[in-house]
Amino acid sequence: MPELPEVETIARTLRGELGAPPLLGRQISSVHVLWAREVAHPEPDVFTQRAAGSTVTGIRRHGKYLLIELQAATPMVMAIHLKMSGRLDMVSAREAFTPHARVVWSLDDGSALRFEDARKFGRVWLLDRPSALLAPLGPDALTVEAEVFVQRLRSRRTRLKTLLLDQTFIAGVGNIYADEAAHRAGIHPCRKTASLTDSEVVRLHQAVQAVLCEGIAANGASFDWVYPGGHYQENFWVYGRAGQPCRKCGAPIMRTVLAQRSTYYCPTCQPLDR
DNA sequence: GGGCATGTTAGCAC
DNA sequence: TGTGCTAACATGCC
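Since this is a predicted model, take the numbers as computed values, not measurements.

Undergrad: Whenever I open this one, the pattern of salt bridges confuses me. Can you help?
TA: One side chain can pair with another of opposite charge once the charged atoms of both are near each other. Under the defined criterion, the tally for this structure stands at 19 salt bridges. A salt bridge links Arg26 to Asp108, with the nearest nitrogen and oxygen atoms 2.6 Å apart. Taken together, the residues Arg26 in the loop between helix H1 (4-14) and strand E1 (28-33) and Asp108 in the loop between strand E7 (101-107) and strand E8 (111-117) connect sequence positions 82 residues apart. In this structure Arg26 comes out as partly exposed when scored by relative accessible area, which is 23%.

Undergrad: Please explain the packing of helix H6 (residues 175-185) against helix H7 (residues 198-217) as it appears in this structure.
TA: To describe two helices that pack against each other, one gives the angle between their axes and the distance between the axes. Contact pair H6 / H7: the axes reach a minimum separation of 8 Å and the direction vectors enclose 130 degrees. For the element pair H6 / H7, the angle class is oblique. In this structure, the crossing between H6 and H7 has a hand that is right-handed. Contacts from Tyr177, Glu180, Ala181, Arg184 and Ala185 of H6 reach H7 at Arg203, Leu204, Ala207, Val208, Ala210, Val211, Leu212, Glu214 and Gly215. Class assignment of the residues belonging to the contact of H6 with H7 gives a composition of nine nonpolar, one polar and four charged.

Undergrad: How do you make sense of the packing of aromatic side chains when you look at a structure like this?
TA: The geometry of two aromatic rings is summed up by the distance between their centres and the angle between their planes. Scanning all chains against the criterion turns up six aromatic pairs. Aromatic pair Tyr239 and Tyr264: ring centres 5.2 Å apart, planes at 70 degrees, arrangement edge-to-face. Of this pair, Tyr239 sits in the loop between H7 and strand E10 (254-258) while Tyr264 sits in strand E11 (residues 261-265), and the two are 25 residues apart along the sequence. Just as Tyr239 is buried, Tyr264 falls in that class too. Taken together, Tyr177, Tyr232, Phe236, Tyr239 and Tyr264 form an aromatic cluster joined through their ring pairs. Above the face of the Trp237 ring, Arg247 is positioned so that its terminal group lies 4.5 Å from the ring centre.

Undergrad: I would appreciate a short explanation of unusual backbone geometry in the present structure.
TA: In most cases, non-glycine residues show a negative phi, while peptide bonds are predominantly trans. In this structure, Pro42 follows His41 across a cis peptide bond, with omega equal to 0 degrees. Inspection of the secondary structure assignment puts Pro42 in the loop between strand E2 (40-41) and helix H2 (44-51). The backbone of Ala259 shows a phi angle near 55 degrees, a positive value even though the residue is not glycine. Tracing the backbone through its elements, the reader meets Ala259 in the loop between E10 and E11. Owing to a relative accessible area of 25%, Ala259 belongs among the partly exposed residues under this scheme.

Undergrad: Before we go on, may I ask you to explain the nonpolar core in this structure?
TA: In a soluble, globular protein the nonpolar side chains are often hidden away together inside. Val173, Leu204 and Val208 are the most contacted members of the largest nonpolar core, which has 39 residues in total. Of all the elements in the fold, those that place two or more residues in this core are helix H4 (146-154), helix H5 (160-165), H6 and H7. Counting residues per element, this core draws most heavily on H7, which supplies seven residues. Ignoring anything within four residues of it in the chain, the contact list for Leu204 reads Phe149, Leu153, Leu160, Leu164, Ala181, Ala185 and Ile187.

Undergrad: Just to check I follow, could you spell out the protein's contact with DNA strand C for this structure?
TA: In the vicinity of DNA strand C, the residues found are Arg37, His100, Ala118, Arg119, Lys120, Phe121, Arg156, Arg157, Thr158, Arg159, Trp225 and Gln260. At the protein interface, 64% of the atoms of DNA strand C within 4 Å belong to sugar or phosphate. Take His100: an N or O atom from its side chain is 2.9 Å from a phosphate oxygen of DNA strand C. Class assignment of the residues belonging to the surface near DNA strand C gives a composition of three nonpolar, three polar and six charged.

Rules behind the numbers
- Residues numbered from 1 in each chain as written.
- Chains lettered and ligands numbered in written order.
- Predicted model: local features only at pLDDT ≥ 70, side-chain atom pairs only at ≥ 80, totals over all residues.
- Heavy atoms only, no water.
- Salt bridge = Lys/Arg side-chain N within 4 Å of Asp/Glu carboxyl O.
- Helix = DSSP H or I, 4+ residues; strand = E, 2+ residues; numbered from the N terminus.
- Buried < 20%, exposed > 50% of the residue type's maximum accessible area, 1.4 Å probe, protein only.
- Axes fitted to C-alpha atoms, helices over the stretch in contact; angles between N-to-C directions.
- Parallel < 35°, antiparallel > 145°, perpendicular 65-115°, else oblique.
- Left-handed = near helix turned anticlockwise from the far one by under 90°.
- Contact = heavy atoms within 4.5 Å.
- Nonpolar A, V, L, I, M, F, W, Y, C, P; charged D, E, K, R; others polar.
- Phe/Tyr/Trp six-rings, centres within 6.5 Å; stacked < 30°, edge-to-face > 60°.
- Lys NZ or Arg CZ within 6 Å of the ring centre and 35° of its normal.
- Core = buried A, V, L, I, M, F, W, Y, C linked by side-chain atoms within 4.5 Å.
- Near = heavy atom within 4 Å.
- Polar contact = N/O pair within 3.5 Å; in protein donor to acceptor, adjacent residues only side chain to side chain.

In structure tokens, the structure reads:
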């Protein structure tokens, strides 16, 4: 599921802002690492021992990373990246140990936080501070200022779609929101950054933040078997709509492959030459 | 069985 | 040094 709006929705859920019982304020009584080979850093013994007994004092997000602040003898941060198929859910202790559960945090009220990940790409880290982990990332896509966005874009020479997916440019945009933002801005995803006019770059910045905000307002997008909950998929203008009419101009949406990812665009609303 | 998948990264070529 | 391409990670769905 996880691009910025989906991770933001999880953060809000775990803070208790969407009505569900919060993780915020709970104490972790024990940790169970169920896929020992890779999922947790540091190694499971150290991870479980250090996290047990700590209390959740904050839940933040940068790009696609969820950051859970823990208070113990020394403060720590648990960073979680869901990659392609990870999910995080508050469940009862009884429901916690499902076939794809990779890490389970048992909590002081008898509930549990469960990290499920069918494809095993997701990772969790327990850190004194997350600065080294986050250092390569660009500013968060939701809050990056227009001037910073323009300045960073002007220092890159690549195609628009490649740039939007590059987490060192801005952090949080993935394949869906990249295509939706490019369509909203009326810019072909294959355009070279150097060819973009100043007004196009400003439009792109606004489009990125608009589609991310809409995604958050819809509690994210969900489709196929991975993630239930959000409904932004009902509002896609291009993603996954190859052959269907553009909701703006009626021309059939095209699919191509760019930066090794499926890329959807409207050939009329997003002309390549200008 | 083949193709596809909301993500990232190492290795290599230019 | 920056950019781009491929393969790899591991699994499930259609």
